[in-house]
Amino acid sequence: MTALLPRSVVVLTLGLLLLPITFGLFGTLLPAFGFFPALGGHALSLDPFRELLATPGLPTAVVLSVATGLGATVISLGVTLIFVASYAGTPTLSRLQHLLSPLLAVPHAAAAFGFAFLIAPSGFLIRLVAPLVGIDRPPDVLIPHDPMGLTMIAGLVIKETPFLFLVTLAALPQVDLPAARRLAASFGYGRIAGFVYLLWPALYRQMRFAVYAVIAYSSSVVDVALILGPNLPGTLATRLVQWMNDADLSARLLASAGAVLQLAVTLGVLLAWFGLERLFAILLRVSRETGRRFVRDRFPRLASILVVGLIGAAVFAGLAVLAMWSLAGLWQFPDLLPQSFTLRSWMNALPRVADPLVTTLVTGFASTLLAVLLAVGCLVRENQTGRTGGEKALLMLYLPLIVPQVTFVFGLQLLFIGSGSEQRLAALVLVHLVFVLPYVFLSLADPWRALDRRYEIIATGLGRSRFAVLVSIRLPMLVRPILTAAAVGFAVSVGQYLPTLLIGEGRLSTITTEAVALASGNNRRVIGVYALLQTILPFLAFALAVLLPAVLHRNRRDMRV
Amino acid sequence: MMRLMKRILAAGVIAGVSGLQAIAAGQDLADWTAVEKAASGQTVYFNAWGGSENINAYLEWVGAEMQARYGVNVVQVKLDDTASAVAKVIAEKSAGKDEGGSVDLIWINGENFASMKKQGLLLAPGWATSLPNWRYVDIENQPTILTDFTEPTEGLESPWGGAKMVFFYDKARTDAAALPDNAAQLLDWAKKNPGRFSYPAPPDFVGSSFLKQVLSEVIDDPAKLAKPLKEETFERDVEPLFAYLDQLHPVAWRSAKTFPQNYPDMKQKLADGELDIIFAFNPSEGSAGIKAGELPDTVRSFTFSGGTLGNTHFVAIPYNANAREGALLTANFLISPEAQLRKQDPVSWGDPTVLAMSKLPEPDRAAFAALDLGVATLAPDELGPVIAEPHSSWMERIEVEWRRRYASGN
């Protein structure tokens, strides 16, 4: 019985991850080729693609998606690499780790809003210098929404760098850092060069799926693109969403064809990335074999810590400016502070926030709970069989993060509408689960596997059943990582924009969909309120994950951390 | 009880006069108590643009009142574009869902109304004119209540509020004497003040209205706009409009490489000093902004002496609405003196009423007269003449043409 249950959990988990993607892709592919009975399309045709190719400005949209995808990933990974190579094993790194980890909990949209409030021509940064250089009117400069997407790339970099940084740190214990450092130093290599030559290839192998997820995300993101990206025309993903919401229903065929193109674009960016991987490997080999030591690397080292510091500062300062706007009365350019502070924006918003808040909480709790149960089930199964599933299992976990959301969530929405089901909330929870589950599993797997199995062996030896051992020994000992994984999952659920928008269909709105919808009005006070709420929720979840174990373990001295 | 009897009587008379016996599902509007009874407990999904906080707040008040008075639960489905609600109804019709539809009430006018009317997606005609509160509606002085963008409303939609294009500026920053008095002067002003004027990109409603305002002023024969566009002359008819925009864009905000999102966005940009002249479709937006602390109290408004666009916005019920009775009851409440008074109050919304003061009972009339419209709001007689909306066929084509020229990234 106990063996059977986990086995079916594994099957169920794989099903919950892979079926939505498969069905969703079908739901996108069929209309893309003209098959959409509700609109009278019963025959396969290439018309939607013809229409797509005839869309004005399509090449620009595609180029933008490719450029933002590659640009954001190259910069984020480059900064992470140079920074970790410079400071791995030093106290600087662990100090910054504590500073950067909370950034993961900040939803993309909130970070993007904060960033926009900082750098806009009427934003906070220019107000800082305005009196010094005598600016009394905001300059007529096109940021954000610059046509080359540079603001959007910067916005993605400040969110993705902390993510890649923490992924790198998680992989770091798998390599022998001190030995490699000593070896490289004794042969006279620079810190960065020694790290890159000796450790990076092994490290990168561990984290490359995370990098692919960043690529896929950056090349197909909707909310960040709406807030910071070019809008005349926008990136491919934002135009897809416009078509999907077009009054003319036949635009859905166009949108589906566009979603297929988006998949191709993301695959193209991934292929380009594979090319870059090869190129980098060759450069690395050549550089290593010619014995270049790069001894003088002080500048890149300092630059990397500066950039990482700036990234952290940008997010925190952005949040601070958001907070100030949410409390601002009249606040004109170039005043550094509002003329007055008022709680009105909060008082106005709070009653209105109730429904979206409940949806956010219910969806977040439900999808996180399911994800934790499934992840624990899979890990129990792993303990029983001793097999981790290896690379293949890891790829499946990352699949929902690598296949662009727009391509299969569209299809899911069409299927959902077609099914005539009224179970919107259940559908929303399931769709969130697809994105929550990978993160929960990935953050729980390492601590789970690291727990010393001898505790359980002893308990089993004493005649306890497997189930009793799980409940009385393993789970209590792992309560902290489990709660942390749950907090990660909850944060992921809170931040979901596109799946909520499409599956919720306006009937179910969350704090995130409300925030992005309100962004269209550009009322900074209201955006401030919603973006802060969006940030506070995950932070509360993380705080609970820290506090609960402390309370649970208050009378067990050795379990305190 | 007396009031109720009167109401039933009034409704009966109106229904009798308009010759309307019953509406779609056999619900007899003459028997208003039956409508109220059937509506109780229903949930009305009110599809309405959700981009403005004060409007959302107003709708919440409506919801609370409907719940308290009639036990009707009104839920606002916040749209960023009304077209998506129309799309939903079209989708349901094509899927054969002729009952239990997901949209009960839509905030609508213009193109969207014309398109729904054309495709038979609206509840049978005449219901709007049979609502008990229709007797207060100002059909005599507000012709746009019976003709929405040249399309006869035929009781297919119930009026909700008036609109008139009004410009705003900050007198602390902008010289009032140099303000433009027509589209041509506005262009000159923009050339003298580069980067300080723009308009939201269509299909934003306010942005499209700006294009219509300019078109009405620059077209060779404004009478053409009252009729559907003629394919043969379309290019030539709209040429002056695009010539105007071609001149405006190089001197517009951000050189027209991007556009403000919508009216609230322009309001923020006026406060930031990024824009110097903005406009809205609601004369009291400036005063409301000052009251909300979003605009400095030096903001003032003006219109063109030759006239600016004006229209009426409505609510309509899709043919397959699930909570039909609840929707009828809500539409009726929206044109009650009480709801209209609150709507015209700049503190909550500031939208001009569709009711005729002369038809209101004395206390209601006094309450309207007592409203403080605020420093930035022009009195009704200062608003200038109304330019009628062009036939809806014009806007659809102009939006496409606009996108082709300015938003295709080429």
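Chain B is annotated in an unreviewed UniProt entry as ABC transporter substrate-binding protein from Peteryoungia algae.

An unreviewed UniProt entry lists chain A under the name ABC transporter permease subunit, with Peteryoungia algae given as the organism. Regarding chain A, the UniProt comment filed under Subcellular location (unreviewed entry) reads as follows: "Cell membrane".

Novice: I'd love a proper account of the overall build of chain B, names of residues and values included.
Specialist: From N to C terminus, chain B includes 14 helices and 11 strands. Whereas a compact globule of 410 residues would reach a radius of gyration of roughly 22 Å, chain B reaches 22 Å, a difference of no more than 12%. Seen through its C-alpha atoms, chain B measures out along the principal axes to roughly 65 × 50 × 35 Å. Per-residue burial over chain B gives 61% buried out of 410 residues. Taking contacts inside chain B between residues at least 6 apart in sequence as the whole, the part at least 24 apart equals 82%. Carbon and sulfur atoms make up 54% of the accessible area of chain B, which amounts to about 15,100 Å² in all. Charge-centre separation for chain B: the mean point of 38 positive side chains lies 0 Å from the mean point of 53 negative side chains.

Novice: Account for a nonpolar patch on the surface, with residues named and values stated.
Specialist: Residues A:Leu125, A:Leu128, A:Val129, A:Leu132, A:Val133, A:Leu336, A:Leu337 and A:Phe341 make up a contiguous nonpolar surface patch of about 770 Å² in total accessible area. Examined against the element boundaries, A:Leu125 turns out to sit in helix H6 (residues 124-133).

Novice: Can you explain the interface of chain A and chain B? Please cite residues and give values.
Specialist: Every contact between the two is made by 43 residues of chain A and, on the other side, 54 residues of chain B. When chain A packs against chain B, the two sides together hide about 3,900 Å² of surface, and 46% of this comes from carbon and sulfur. Counting every contact that joins chain A to chain B gives six salt bridges. Residue A:Arg352 pairs with B:Glu60 through a salt bridge whose shortest N-O separation is 2.9 Å. Applying the counting criterion to the chain A and chain B interface returns 15 residue pairs in polar contact (both at pLDDT 80 or more). Ranked by the residues each element gives to the side of chain A that touches chain B, the list is headed by helix H24 (residues 524-552) of chain A, at three residues. Here the residues of the side of chain A that touches chain B sort into 18 nonpolar, 13 polar and 12 charged.

Novice: Tell me what's going on with the nonpolar core, and back it up with residues and numbers.
Specialist: Core analysis: the largest hydrophobic core is formed by 168 residues, its most contacted members being A:Phe113, A:Phe195, A:Trp200 and A:Tyr530. When residues are assigned to domains, this core turns out to be shared by domain 1 (1-30 + 347-561) and domain 2 (61-325) of chain A, each giving three or more. When sequence neighbours within four positions are dropped, the list of residues in contact with A:Trp200 reads A:Leu77, A:Leu81, A:Thr168, A:Phe195, A:Met207 and A:Phe280. Residues B:Ala163, B:Met266, B:Val299 and B:Ile398 belong to the second largest nonpolar core, which totals 62 residues.

Novice: Describe helix H4 (residues 83-94) of chain B, listing the residues and the values that go with them.
Specialist: Residues and elements named next belong to chain B. The terminal C-alpha atoms of H4, which comprises 12 residues, lie 16 Å apart, in line with the 16 Å expected from a rise of 1.5 Å per residue. Across the 12 residues of H4, nine count as buried, placing the element largely inside the fold. The set of residues buried in H4 consists of Ala83, Ser84, Ala85, Val86, Ala87, Lys88, Val89, Ile90 and Glu92. A positive phi of about 80 degrees marks Gly96, the residue just after H4.

Novice: Requested: an account of the environment of B:Pro337, with residues and values cited.
Specialist: Residue and element names in this part refer to chain B. Topologically, Pro337 is positioned in helix H12 (residues 337-344). In sequence terms Pro337 and Tyr136 are 201 residues apart; their C-alpha atoms lie 7.9 Å from each other. If we ignore the near neighbours within four places in the chain, the residues touching Pro337 are Tyr136, Leu355, Leu360, Asp364 and Phe368.

Novice: How would you summarise the pairing of strand S1 (residues 43-49) of chain B if you had to cite specific residues and measurements?
Specialist: Consecutive side chains of a regular strand alternate in pointing toward one face of the sheet and then the other. Residue and element names in this part refer to chain B. Relative to strand S2 (residues 73-79), S1 runs parallel, the two sharing seven bridges. From the neighbouring strand, Trp49 faces S2, where its bridge partner is Leu79. In this fold, the crossover linking S1 to S2 by way of helix H3 (residues 53-70) has right-handed handedness.

Novice: Outline the confidence of the model for chain B, supporting the account with residue identities and numerical values.
Specialist: Residue and element names in this part refer to chain B. Counting all residues, the mean pLDDT for chain B is 87, and 92% of those residues have values of 70 or more. Looking across chain B, the model is least confident in helix H1 (residues 2-17), with a mean pLDDT of 43, and most confident in helix H6 (residues 183-192), with 97. A low-confidence stretch, residues 1-26 (pLDDT under 50), is modelled with 30 contacts involving residues beyond four sequence positions or located in other chains. Across the interfaces of the predicted complex, the ipTM metric reaches 0.78, alongside a pTM of 0.82.

Novice: I'd love a proper account of unusual backbone geometry, names of residues and values included.
Specialist: Residues and elements named next belong to chain A. Note the cis peptide between Ile143 and Pro144, where omega equals -10 degrees. If you trace the backbone, Pro144 turns up in the loop between H6 and helix H7 (150-171). For the bond running from Phe333 to Pro334, omega is -5 degrees, close enough to zero to count as cis. Following the sequence through the fold, Pro334 ends up in the loop between helix H14 (298-326) and helix H15 (344-385).

Novice: A description of the packing of aromatic side chains should follow, citing residues and the corresponding values.
Specialist: Residues and elements named next belong to chain B. Inspection of the entire model under this criterion finds 35 aromatic pairs over all chains. Where Tyr199 meets Phe259, the ring centres are 5.2 Å apart and the plane angle is 55 degrees; that geometry is what we call tilted. Of this pair, Tyr199 sits in the loop between H6 and helix H7 (205-218) while Phe259 sits in the loop between helix H8 (231-248) and helix H9 (263-272), and the two are 60 residues apart along the sequence. Residues Tyr199 and Phe259 agree in their burial class; the two are buried. Taken together through their ring pairs, the aromatic side chains of Phe167, Tyr169, Phe197, Tyr199, Phe210, Phe242, Phe259, Phe279, Phe302, Phe304, Trp402 and Tyr406 make up a single cluster. If you follow Lys343 out to its NZ or CZ, it ends over the ring of Trp349, 4.3 Å from the centre.

Novice: Lay out the sheet that holds strand S8 (residues 277-280) of chain B with the relevant residues and their values.
Specialist: Residue and element names in this part refer to chain B. Spatial ordering of the open sheet is given by S8-S7-S9, a layout of three strands whose pairing is antiparallel. Looking at which strands have only one partner, the edges of the open sheet turn out to be S8 and strand S9 (299-302). The sheet shows a mean angle of 35 degrees between the axes of neighbouring strands, taken without regard to direction. Of the pairings in the sheet, the one linking strand S7 (residues 166-170) to S8 comprises four bridges and is antiparallel in character. If you follow Val166 over to S8, its bridge partner there is Ala280.

Novice: Talk me through the domain arrangement of chain A; I want residue IDs and the actual numbers.
Specialist: Residues and elements named next belong to chain A. Structurally, chain A comprises domain 1 (1-30 + 347-561) and domain 2 (61-325). Computed from C-alpha coordinates alone, the two centres of domain 1 and domain 2 are separated by 24 Å. When domain 1 packs against domain 2, the two sides together hide about 3,300 Å² of surface, and 77% of this comes from carbon and sulfur. Of all residues in domain 1, Ile402, Phe410 and Arg524 bury the most surface against domain 2, accounting for 19% of the area lost on that side. Where domain 1 meets domain 2, there are one salt bridge. Put simply, Arg208 and Glu391 hold a salt bridge, and the shortest N to O gap is 3.1 Å. For the side of domain 1 that touches domain 2, the secondary structure elements donating two or more residues are helix H1 (4-32), helix H16 (390-402), helix H17 (405-419), helix H22 (498-504), helix H23 (511-519) and H24. If you tally residues by element for the side of domain 1 that touches domain 2, the top one is H24, at 11 residues. Partitioning the side of domain 1 that touches domain 2 into residue classes produces 27 nonpolar, eight polar and three charged.

The rules we used
- Residues numbered from 1 in each chain as written.
- Chains lettered and ligands numbered in written order.
- Predicted model: local features only at pLDDT ≥ 70, side-chain atom pairs only at ≥ 80, totals over all residues.
- Heavy atoms only, no water.
- UniProt positions renumbered as here; feature names shortened; annotations may be inferred.
- Helix = DSSP H or I, 4+ residues; strand = E, 2+ residues; numbered from the N terminus.
- Rg over C-alpha atoms; globule rule 2.2 N^0.38 Å.
- Buried < 20%, exposed > 50% of the residue type's maximum accessible area, 1.4 Å probe, protein only.
- Contact = heavy atoms within 4.5 Å.
- Areas by Shrake-Rupley, 256 points an atom, 1.4 Å probe, with all protein chains shown as cover.
- Lys, Arg positive; Asp, Glu negative; His and termini not counted.
- Charge placed at Lys NZ, Arg CZ, Asp CG, Glu CD.
- Patch = residues over 30% accessible without salt bridge, like charges linked within 9 Å, V, L, I, M, F, W, Y side chains within 5 Å.
- Salt bridge = Lys/Arg side-chain N within 4 Å of Asp/Glu carboxyl O.
- Buried area = accessible area lost by both parts, 1.4 Å probe.
- Polar contact = N/O pair within 3.5 Å; in protein donor to acceptor, adjacent residues only side chain to side chain.
- Nonpolar A, V, L, I, M, F, W, Y, C, P; charged D, E, K, R; others polar.
- Core = buried A, V, L, I, M, F, W, Y, C linked by side-chain atoms within 4.5 Å.
- Domains from an automatic or database assignment.
- Expected span 1.5 Å × (residues − 1).
- Pairing = 2+ DSSP bridges.
- Right-handed = clockwise from strand over helix to strand, strands pointing away.
- pLDDT = per-residue confidence, 0-100.
- Phe/Tyr/Trp six-rings, centres within 6.5 Å; stacked < 30°, edge-to-face > 60°.
- Lys NZ or Arg CZ within 6 Å of the ring centre and 35° of its normal.
- Axes fitted to C-alpha atoms, helices over the stretch in contact; angles between N-to-C directions.

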